[in-house]
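Report on the structure
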Amino acid sequence: MSTARALFPGAMGPEGFISCFDHLIPERDLRRMLILKGGPGVGKSTFMRRIHAAMSENDEPAMLYFCSGDPDSLDAVVIPTRGLLILDGTAPHIVDPKIPGARDSIINLGACLDEAAMRPRLAHIRACMADHAACSRRARAFMRSICALRRDSAAAVSECIDEGRMHRMTGALTAAVLSEKAGPAALPRVRPVITDAITPKGELCLLTDDRRQRVIRLACHDAMDLTPVLRALSHAALQAGYDVEEHLSPTMPGALLHLSIPALSTLVTTAGTLTSEQTFDFSACLPVGGLLRRECALEQARAGIIRHTQQAVSAMAQAKELHDELETFYVPNMDFAKWQAILDETLQSLRA
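Here the structure is a predicted model, which is why all the values come from computation and not from measurement.

**A word on the overall build of the protein chain**
- In terms of helices and strands, the protein chain carries 7 helices and 16 strands.
- What you see for the protein chain is a C-alpha radius of gyration of 22 Å, in line with the 20 Å of a compact globule of 352 residues.
- Seen along its three principal axes, the alpha-carbon backbone of the protein chain occupies a region of about 70 × 50 × 35 Å.
- The buried share of the protein chain, reckoned over its 352 residues, is 49%.
- Considering only residue pairs separated by 6 or more positions, the protein chain has 80% of its internal contacts joining residues 24 or more positions apart.

Encoded structure:
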């Protein structure tokens, strides 16, 4: 059974990049941070994979953070037992050392480039970068449309909710989740994470079935926003002394999709893709016939969300193709023997 957990460290959102790069590992647990620098095609993702493989020989737990703009590539790796974080510190998630030398190091893979050989391609590289930026702007525009439609639909449904029943169901959910007991954290905290993103491969959710985890599903009308329910549960778990992971929505800033309580090995999810042991159906909080006057508008919004999501995915796929083209300018001009020497030296320092 794999001990590596898959997450996104960030995702494209309606107003730009949504980042969790400051929350990849608790500051109190971080003992070594390696920040990779260099352009596309210099081997940052491969460098991280090699570090992970070498440092996880005993199947140590790890968190693999995949790039939402290229889900086959890594943006970061965390090995908690070693307090190790290695990450891509280039745009759009620029990271610099906070404790240089003593804890944080920059590894410049761009030093392996033959820059003189690349200078004649400057005009092509510049044009490719401009086209890539234009594709990203189009994707954000479509995501703004998705966000507006989701918010309008959620507001329409919210007007019809039986608030008393919603409050009682939230209380029952909280009681069910917290019926399990575990040792509380000394300083319980809320950590934002991202498991869902719109990517060049479509809408991806990195949640997977795990027999070690209790899964509780929240069913609801597809336009309902259950963020208030999840935040109430998050607050209750925090008050009970548990660390909480709040799973952010990539299309509605401030909204939540799921909630994890690691100490209780519990995931509360709005996704219907996992095997769950218990379901709370919040659509029961909508009176029968309560949405009749709104169904036409909700259906139009639903169709618009599907259409704009497809357009956002298409724009991101075009951006990915342009990024791949950029790599063709860099890869042939890399000294991979020098790259390997940097990797060997890094591994030696980590094992010292």
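Now that the structure is up, let's keep going.
**Observations concerning the nonpolar core**
- Core analysis: the biggest nonpolar cluster contains 42 residues, and F47, I51 and I86 have the highest contact counts within it.
- Mapped by element, the contributors of at least two residues to this core are β4 (32-37), α1 (44-55), β5 (62-67), β6 (70-79), β7 (84-88), α3 (122-158), α6 (295-330) and α7 (336-351).
- I51 has contacts with L84, I86, L343, T346, L347 and L350, leaving out every residue within four places of it along the chain.
- Membership of the second largest hydrophobic core comes to 32 residues, among which are A156, M166, V229 and L256.

**As for the pattern of salt bridges**
- Scanning the model with the defined rule gives 15 salt bridges in all.
- A salt bridge links R212 to D210; the shortest N-O distance between them is 3.0 Å.
- Owing to a relative accessible area of 26%, D210 belongs among the partly exposed residues under this scheme.
- Among the salt bridges present, the one from D324 reaches K320, with a minimum N-O distance of 2.7 Å. In this pair, D324 and K320 are both assigned in helix α6, 4 residues apart and thus about one turn of the helix distant.

**What about the packing of α1 against α7?**
- At a minimum axis distance of 11 Å, the contact between α1 and α7 shows a crossing angle of 35 degrees. Along this stretch, α1 crosses α7, giving a crossing that reads as right-handed. The segment α1 lies against α7, with T46, F47, R50, I51, A54 and M55 engaging W339, Q340, I342, L343, T346, L347, L350 and R351.

**Examining unusual backbone geometry**
- Geometrically, the link from A91 to P92 is a cis peptide bond, its omega value of 10 degrees lying close to zero.
- Examined against the element boundaries, P92 turns out to sit in the loop between β7 and β8 (104-108).
- At S265, a residue that is not glycine, the phi angle is positive and equals roughly 50 degrees.
- What makes S265 partly exposed here is its relative accessible area of 35%.

**Focus: the side chain of T309**
- Following the sequence through the fold, T309 ends up in helix α6.
- Apart from residues lying up to four places away in sequence, T309 is in contact with I146, I198 and E203.

**Here we look at α7**
- The terminal C-alpha atoms of α7, which comprises 16 residues, lie 22 Å apart, in line with the 22 Å expected from a rise of 1.5 Å per residue.
- Every buried residue of α7 is accounted for by W339, I342, L343, T346, L347 and L350. Taken around the axis of α7, the buried residues stretch over an arc of 135 degrees, which confines them to a single face. Turned more than 90 degrees off the buried face of α7, the exposed positions are A337, E345, Q348 and R351.
- At the N-terminal boundary of α7, the capping side chain belongs to D335, with an oxygen 3.2 Å from the backbone nitrogen of A337.

**Let's talk about the packing of α3 against α6**
- Look at α3 against α6: their axes get within 8 Å of each other, and the N-to-C directions meet at 160 degrees. The orientation of α3 with respect to α6, classified from their angle, is roughly antiparallel. By crossing handedness, the relation of α3 to α6 is classed as left-handed.
- For the contact of α3 with α6, the class distribution of residues is 22 nonpolar, 11 polar and 4 charged.

**Some words on the sheet that holds β7**
- Spatially, 6 strands are ordered β1-β5-β6-β7-β4-β8 in an open sheet, and the strand pairing comes out mixed. The open sheet has two free edges, formed respectively by β1 (4-7) and β8, since each of these has just one partner strand. For this sheet, the mean inter-axis angle between neighbouring strands, taken without regard to orientation, is 25 degrees.
- Examined bridge by bridge, β4 and β7 share 5 bridges and lie parallel to one another. Bridge pairing in β7 links M33 to L85.
- Lying over the sheet, α1 contacts β4, β5, β6, β7 and β8, oriented at roughly 45 degrees with respect to β6.

Reading the values: the criteria
Residues numbered from 1 in each chain as written. Predicted model: local features only at pLDDT ≥ 70, side-chain atom pairs only at ≥ 80, totals over all residues. Heavy atoms only, no water. Helix = DSSP H or I, 4+ residues; strand = E, 2+ residues; numbered from the N terminus. Rg over C-alpha atoms; globule rule 2.2 N^0.38 Å. Buried < 20%, exposed > 50% of the residue type's maximum accessible area, 1.4 Å probe, protein only. Contact = heavy atoms within 4.5 Å. Core = buried A, V, L, I, M, F, W, Y, C linked by side-chain atoms within 4.5 Å. Salt bridge = Lys/Arg side-chain N within 4 Å of Asp/Glu carboxyl O. Axes fitted to C-alpha atoms, helices over the stretch in contact; angles between N-to-C directions. Left-handed = near helix turned anticlockwise from the far one by under 90°. Expected span 1.5 Å × (residues − 1). Arc of directions from axis to C-beta. Polar contact = N/O pair within 3.5 Å; in protein donor to acceptor, adjacent residues only side chain to side chain. Parallel < 35°, antiparallel > 145°, perpendicular 65-115°, else oblique. Nonpolar A, V, L, I, M, F, W, Y, C, P; charged D, E, K, R; others polar. Pairing = 2+ DSSP bridges.

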